[in-house]
Every structure is written in C-alpha cells, then in structure tokens.
Amino acid sequence: MTDSCWSGNRDKIMSLAIAVAMTACSANPAPLSKVKSEPQSQHSRYSTQKVTPATPAPSAKSTTVKNLNFSVPVKFQGKTVYQVEVPNQEKVIALTIDDGPWKPTTTQMLDILKQNNVKATFFWVGKTVQAHPQIAKRVVAEGHAIGNHTWNHGYRKVSPAVARNEIERTARIIYQTTGVKTALFRPPGGYLNNGLAAYAKSQKYSVLMWSQTSADTDPRAKYQVFVKNVLRDAQPGGIVLMHDGGGNRSRTVKALPGMIKGLKQKGYRFVTIPELLAMSQ
Ligand SMILES: [Zn+2]
C-alpha cells in the first residue's frame, strides 16, 4: 500500500498500442454537474476542458469559481514528469501527498497546510476516496490539486482492460465525490512498466513522478529524517513525495511543519502540480 518499493525504473518507451482500442468518450464520466454553465461537449477530452463559465454572471467578481479541473499543458500530456524547468530557477516547489484520503492523517495535514497557507497536490486511491468521501470533499474545498493514483494501488503487471478499470473507476469516484476532473496520474510505487502508466498516457494524462522523496515509508526512520531529506534535496521546480495514507503516517504529519518551515527559510514558495507545469519554459 505504499510507494516504498519504488523500483527506480525510468520510463523509456511505452507502447501506446492499447490506445487503439480506447475511445475518449467511453472513458469520460458523466457531464459536469457542479459547473452548470460550462458548455457540454461530448467529444472534448475532460483533461483539457477549462472550468470557465460560458457567460460570466454580473456577480462573478464577488464569486469564487473553484477550480475543479486539473488539466495539463499539451506538452505534458502523455508524458512522464519528474521535475519542471522553471524560468530563472525560481524557487518553487510542489508537495505531493499520496495514498489518501485517510483517517486521521489527511485532515491533520490539511490543518497544517491551511495554517501555513500552502497548497499541495493529493494523489488519491479510488477505494479510499470511496471510504472517506467527506475528507475528499474537504481537500478539494481547501484548494488543493488532485491526481489519480488508481483504485487498488497494485504494483503488478496488468492487462489493458484492468489498467483502464483501475484508472477510469478512480476518475469516476473522484468526480462523483468532489466534481473534480484531473489529468494528473501517479503510478503506485512509481512503477512505469506494469501497464498502468501506459494506459494513463494513452488517455493524455501526465504521469507525475517525483524529484525528491521524504522517504516517509521507511518504517524505522524518525520524522526528523523526513524533514532532513526534503530540505537536503530541494531544487527549483522540484516535486516532493510524501504520504497521508496507506499506513500509519503520523510521522509524516509530525514532519510536515518542519518541511514547510525549512523550505520557506530556503526561499521556496509552494505551488500545486498544475501551477508548476504551467510555469514550464
Ligand atoms: Zn502510492
């Protein structure tokens, strides 16, 4: 249930042959219901749709339109991303939090993020979204970005049909629970060659890996080590891996304030993955 078994495999060439059998429309969940003013197009990819009212209401200025669509720039669609080259090596960094929603750690981390005015990106496991819908709703309500992390979080090689089900079923529960559509995908364990990432790419998801890890799945490390790992490896455009679910993550909760404080002291500001991708040169 964790990413502790990351193989370190780099994605070289992934066959997209299975994409031939897939159609965009059949993979799409129900039309947006929370953004009623959005034009409905049966043939547009949800990963590229914008949540923009067709005709802004007069009161739009005073109304916050929450972003429920985490799309990615075309250059990142179907690509694997470890880190982003940002202009002038600006000190921006993205915290990514995997395997939730989870009790009680997700809400504890949300409290810390809110206190520090930090937005993160959560990669959700479908079956845990189903188990903890209220937590999922809170994550979205507080402005964090969301990615798809499969339904069962398996590492083994799967058929194209199973890969499709893992990802599309998760996309559906995320949408049904929160109204979110996302083009962000992270493969469980970071495995890029078991069929899951290949399916995601065939559907124009961006496959988000990481440039540095807190190593918070190490069962023996003290939480201070997680902080040290993150601060040591911080780089402009970096993507930091940590977990709120998949096990007891109380040490990650303890580490989070120190990570945020230390990164701020180093001059970093925090962005979500979509924000980071948008900054790419
Ligand atoms: Zn995971």
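Residues numbered from 1 in each chain as written. Predicted model: local features only at pLDDT ≥ 70, side-chain atom pairs only at ≥ 80, totals over all residues.

1. Examining helix α7 (residues 223-233)
Because the α-helix completes a turn every 3.6 residues, residues three or four places apart line up on one side.
Then step 1. Those residues of α7 lying buried are Phe226, Val227, Asn229 and Val230. The arc that holds every buried residue of α7, seen down its axis, measures 160°, which confines them to one face. Away from the buried face of α7 by more than 90 degrees, exposed residues Gln224 and Arg232 are located.
Then step 2. Tucked into the core, α7 has its buried residues touching β9 (212-213), β10 (238-243) and α8 (250-265). (Buried ≥ 20, exposed ≤ 12 C-beta atoms within 10 Å, placed from the backbone. Helix = DSSP H or I, 4+ residues; strand = E, 2+ residues; numbered from the N terminus. Arc of directions from axis to C-beta. Contact = placed C-beta atoms within 7 Å.)

2. Comments concerning the pairing of strand β4 (residues 121-124)
Then step 1. Burial along β4 is two-sided: Thr121 and Phe123 and Phe122 and Trp124, pointing in opposite directions, are all buried.
Then step 2. Strand direction decides the pairing type here: strand β3 (residues 92-98) and β4, joined by three bridges, are parallel. Its bridge partner lying in β4, Thr96 is registered against Thr121.
Then step 3. As a crossover connection, the stretch from β3 through helix α2 (residues 105-115) into β4 is right-handed.
Then step 4. Relative to strand β5 (residues 145-148), β4 is paired through four bridges, and the arrangement is parallel. (Pairing = 2+ DSSP bridges. Right-handed = clockwise from strand over helix to strand, strands pointing away.)

3. Structural notes on unusual backbone geometry
Then step 1. Note the cis peptide between Gly100 and Pro101, where omega equals 0°.
Then step 2. The residue Pro101 is located in the loop between β3 and α2 in this model.
Then step 3. Cis geometry is found at the peptide bond from Lys103 to Pro104, where omega equals -5°.
Then step 4. Looking at the element boundaries, Pro104 is found in the loop between β3 and α2.
Then step 5. Phi at Asn117 is positive, roughly 55°, even though this residue is not glycine.
Then step 6. Checked against the element boundaries, Asn117 lands in the loop between α2 and β4.

4. Details of the packing of α7 against α8
Two packed helices can be described by the angle between their axes and the distance between those axes.
Then step 1. It is the contact of α7 with α8, at a shortest axis distance of 8 Å, that shows an interaxial angle of 35°. At the point where α7 passes α8, the crossing takes the right-handed sense. Residues Tyr223, Phe226, Val227, Val230 and Leu231 of α7 lie in contact with α8, whose contacting residues are Arg251, Thr252, Lys254, Ala255, Gly258, Met259, Gly262 and Leu263.
Then step 2. A per-class count over the contact of α7 with α8 returns eight nonpolar, three polar and two charged. (Axes fitted to C-alpha atoms, helices over the stretch in contact; angles between N-to-C directions. Left-handed = near helix turned anticlockwise from the far one by under 90°. Nonpolar A, V, L, I, M, F, W, Y, C, P; charged D, E, K, R; others polar.)

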